[in-house]
Amino acid sequence: MKNLVILISGRGSNMEAIVRACAHDAWPAKIAAVIANRPDAAGLAFAASHGIATAVVDHRQYPERAAFDAALAQTIDGYAPDLVVLAGFMRVLTEGFVDHYSGRMLNIHPSLLPSFPGLKTHQQALDAGCRVHGATVHFVTSRLDHGPIVAQSAVPVRAGDDAAALAARVLATEHVIYPRAVRWFVEGRVTLDGAHVTLTPPEPQWLFLDDTNAHANTQTAGEGV
Ligand code: GAR
């Protein structure tokens, strides 16, 4: 049985997807705690209502990043996690913190890394004229939004998309690939080899949400290629 600790900052829909998958598919894992850096993180209520321990380490109470990270690590380690899952945890982490959880901390980022690290990824993809966009589950390294890739999802960018429409399309795929990737880890199937992640036995580490045909069917005949 593996212990998981999930960190959130807000809505927590990825955390919810992981909690539901863990229960529904009877993973050999326990969600030991959900920890937020904001007392008003909406996802805390969902976790508590599902009998999961919750904690808040409010970053505003710590004048320095290192002090916050030390307090956060102390709280996390109280739950003896095998894996720390960052699920919309919007804090830049210190090198010491990241090193402490080396090889046992995952993040999901809403872009096809290494494109578009940082914030406003959907607008960045639109501004760059991307035809494909997506999300990445990766091991956390001290470089922001960078690290060995466990899984990626890709979705089409459609004419007329704004950042919100694109974000919603990507988020639906996040809720598929993140539980899948965490489960792979829980099952001991993930091997890290430098920048590369392999899965034993292998299975696709990608998801393409290709709804082009469905879309084309709603358009005038003859459109598209
Ligand atoms: C998700 O889209 C996640 O990929 C993103 O924040 C959102 C959190 O939603 N994470 C980042 O941007 C991290 N760099 P959620 O709270 O509903 O899971």
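Residues numbered from 1 in each chain as written. Predicted model: local features only at pLDDT ≥ 70, side-chain atom pairs only at ≥ 80, totals over all residues. Heavy atoms only, no water.

**What about the layout of surface pockets?**
Then step 1. Its boundaries defined by the atoms lining it, the largest pocket holds a volume of some 890 Å³.
Then step 2. The set of elements that each furnish at least two residues to the lining of the largest pocket consists of α1 (13-24), β5 (105-109), α5 (121-127) and α6 (163-186). (1 Å grid on protein atoms, 1.4 Å probe; cavity = no way out; pocket = protein on both sides within 12 Å on 5 of 7 lines; lining within 4 Å. Points joined across faces, edges and corners; volume = space filled by probe spheres on them. Helix = DSSP H or I, 4+ residues; strand = E, 2+ residues; numbered from the N terminus.)

**Digging into the site of the ligand**
Then step 1. Around the ligand, the neighbouring residues are R11, G12, S13, N14, G88, M90, I108, H109, P110, D145, L171 and E174.
Then step 2. Here an oxygen atom of the ligand and a backbone polar atom of N14 are 2.9 Å apart.
Then step 3. H109 is positioned with one of its side-chain polar atoms (N or O) 3.1 Å from a nitrogen atom of the ligand.
Then step 4. A molecule is said to occupy a pocket when more than half its atoms come within 2 Å of that pocket's grid points, and by this definition the ligand occupies the largest pocket.
Then step 5. Contributions of two or more residues to the shell around the ligand are made by α1, β5 and α6.
Then step 6. Its residues assigned to classes, the shell around the ligand shows four nonpolar, five polar and three charged. (Near = heavy atom within 4 Å. Polar contact = N/O pair within 3.5 Å; in protein donor to acceptor, adjacent residues only side chain to side chain. Sits in = over half its atoms within 2 Å of the grid points. Nonpolar A, V, L, I, M, F, W, Y, C, P; charged D, E, K, R; others polar.)

**Some words on the nonpolar core**
Then step 1. The biggest cluster of nonpolar side chains holds 43 residues, and the ones touching the most others in it are I6 and V182.
Then step 2. In contact with I6, not counting residues within four places along its chain, are M15, I18, V19, I31, A33, V34, I35, V85 and A87.
Then step 3. In terms of nonpolar packing, the next biggest core, distinct from the first, is built from 21 residues, A71, A73, L93 and V98 among them. (Core = buried A, V, L, I, M, F, W, Y, C linked by side-chain atoms within 4.5 Å. Buried < 20%, exposed > 50% of the residue type's maximum accessible area, 1.4 Å probe, protein only. Contact = heavy atoms within 4.5 Å.)

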